[in-house]
Amino acid sequence: MSAFLVFAVSMRAVCRSSFLVLLVLVSTAGDAEALCPTVVDGPLFPGSMFISWTKHPVSIESGDLNGDGVRDLFVMTNGDAVQVVLGSGDGHFQPPQAYPAEGRHEDIAIGNLNADGYPDLVVAAVILDENGDEVGGVVYVLLNNGDGTFQDALEFPAGHKPCSIAIGDLNGDRVLDLALADSVHSNVTDRNVPVLLGRGDGTFQPPHFYRSDKGAYSIAVGNFDRDGDLDLVVANNRSRKISVLLGNGSGGFAYPQRYTTSANATSLAVSDLNGDDILDVAVSTWRTTGFDLFFGNGDGTFQPRVNLPYDEGMAYVQIADVDLNGKPDLLGGLGYGVSVWLGNGDGTFELPQVVPQPGAYVVVDDMNDDHVPDLVTISLGHGVLSLGRGDGTFLTQQVLKCESNPVALTMEDLDSDGVTDVSVANHSTSTVDVMLGRPGGSFGTQHQFDMGYDHHLIATGDVNGDRKLDFICGGGDLRRLSVLQGNGDGSFEPRQDSDIGKSPESMALGDFDKNGMLDVALTDSGDICVSFGNGDGSFQIAQEITYLYMSRIAAGDVNGDGALDLVAAGNTWMQVLLNN
């Protein structure tokens, strides 16, 4: 039997000297308030960052918005505001700042619109009436104050349903202009490309409209005929075509030349993909067609499409040199991840690798100032940053699915293979999920074990002396501990219950009486108790040590005498119990 010497210390006296060893975030709620982003390193999330927003993000851009040389994020959400997330230069970010912009947001872009040297923000939106019906399209411009904060949005009419923005000097006056794809019109003859010429002060002239094709959906600029004037290319998702509109240098555009895609287009990007110094166009498509590549001839015309097949459709396409070999690579959105196609520099690409990073949109940029492209994707409620290695691979997170209401987690090597495994206690289903780790930080098939009752505590230890880790679970209304004895291969025997007379609120494991058998220290309604183990997986009735309302407990040799001591914490006090 062990006895403990008790003394107490105020929590305010020890907070400054505490250490954070491992941070695990478990969310059981829906929309959350904006949180300061946190990097979570370890076997679950190596090199990744989760970024939370108050509204669901639906598009994202990057740029140095406050002139500190660090990349920042500009995020479009499904609310009546856009959000700016300033970077810290090491892959960390500050809390998001919201700026009002009414309507349903469709796209965002960044450019220096008033020639003051600071990047400004552009938002394409659809205005809705009180019934939710679409009544017109607008462009919002948020001018930069130079420090990463922005002025109130300026509003300019922009057709009916502008859904994509391209920025460039379209009339040669050294002032940035806007071109948009307006997706509301369905007829070939409709003029669904509004062009707004800039005045140089952040304001714009009324739009001029040009033809594209059915369902203009994505737009980009480039000098396709090498005459020095910017041209436009538009992906049309209702006609399975792209349209090329050659510019005349004064802000006007010719009748479109059209090229057929293999399926409805979702987005497009422009770059020299085959190393001939002529711009080409990559198009992402729905269904099982992957990418369509249109190689330019240098005179504003393009060769017939070359298809890069894939067994799924792509939500978007981005072009970047992610392996730093000077050759453009393709990145495509799969919903559950990002497909990375490394380019050979001649218009051909290696078979894709999939980065398991879910998200509807992606931005590729150097987010931590190491001169290596990184990935930021967004999906409902959060964004994920994966840091690039410079060889075309990324340090990415892996999402492990649990049952509803996960309430406790432990990380140990459960199958004796030298790799950390993860186990999660699920409140609603009264189960434990076990995910066996693999070398490199990934996880194998999840296995589920029934606990038979509500519990919220889980720990691992060898309770029967066979040198194999077992599960010890507790909590809920039942006054007992439950053990799943491990077989050493990641599997477990059926539950074994021990009535201990207490309902654990927190618990800590250790051999407190130094008899070679694992014991459990616990708190219950202010009591601090110890349930001594019998060495066969069962436990004795818990013995009360002291009472002073404490809700959390931990074990360790506080005074270096070789005996395990207890530390319990309450609201404002911490209690130390030295083992005699």
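The rules behind the values
- Residues numbered from 1 in each chain as written.
- Predicted model: local features only at pLDDT ≥ 70, side-chain atom pairs only at ≥ 80, totals over all residues.
- Heavy atoms only, no water.
- Buried < 20%, exposed > 50% of the residue type's maximum accessible area, 1.4 Å probe, protein only.
- Helix = DSSP H or I, 4+ residues; strand = E, 2+ residues; numbered from the N terminus.
- Pairing = 2+ DSSP bridges.
- Axes fitted to C-alpha atoms, helices over the stretch in contact; angles between N-to-C directions.
- Phe/Tyr/Trp six-rings, centres within 6.5 Å; stacked < 30°, edge-to-face > 60°.

1. Examining the pairing of strand 16 (residues 216–222)
So, point 1. Counting buried positions along strand 16 yields five of seven residues, so the element is predominantly enclosed.
So, point 2. Note: strand 16 against strand 17 (residues 231–236), six bridges, orientation antiparallel. In the sheet register, V221 faces strand 17, and the bridge partner there is L232.

2. Structural notes on unusual backbone geometry
So, point 1. The phi dihedral of R174 is positive, around 65°, even though this residue is not glycine.
So, point 2. Along the chain, R174 falls in the loop between strand 12 (162–168) and strand 13 (177–182).
So, point 3. Taking the relative accessible area as the measure of exposure, R174 reaches 82% and is therefore exposed.
So, point 4. Not every positive phi belongs to a glycine, and H371 is a case in point at roughly 65°.
So, point 5. Here H371 is to be found in the loop between strand 28 (361–365) and strand 29 (374–379).

3. Things to note about the sheet that holds strand 14 (residues 193–196)
So, point 1. The four strands are arranged 12-13-14-15 in an open sheet whose pairing can be described as antiparallel. At either end of the open sheet lies a strand with only one pairing partner, and these are strand 12 and strand 15 (208–210). Taking each pair of neighbouring strands and ignoring which way they run, the sheet shows an average axis angle of 25°.
So, point 2. The pairing of strand 12 with strand 13 spans six bridges and is antiparallel.

4. Describing the packing of aromatic side chains
Two numbers describe a pair of aromatic rings. These are the distance of the centres and the angle of the planes.
So, point 1. Counting across every chain of the model gives nine aromatic pairs.
So, point 2. For the ring pair F471 and F492, a centre distance of 4.4 Å and an interplane angle of 20° mean the geometry is stacked. Placement of F471 in strand 37 (residues 470–474) and of F492 in the loop between strand 38 (480–484) and strand 39 (496–499) is noted, with a sequence separation of 21 residues between them.
So, point 3. For F471, a relative accessible area of 0% corresponds to the buried category.
So, point 4. Connected via pairs of aromatic rings, a cluster forms that spans F224, Y259, F294 and F302.

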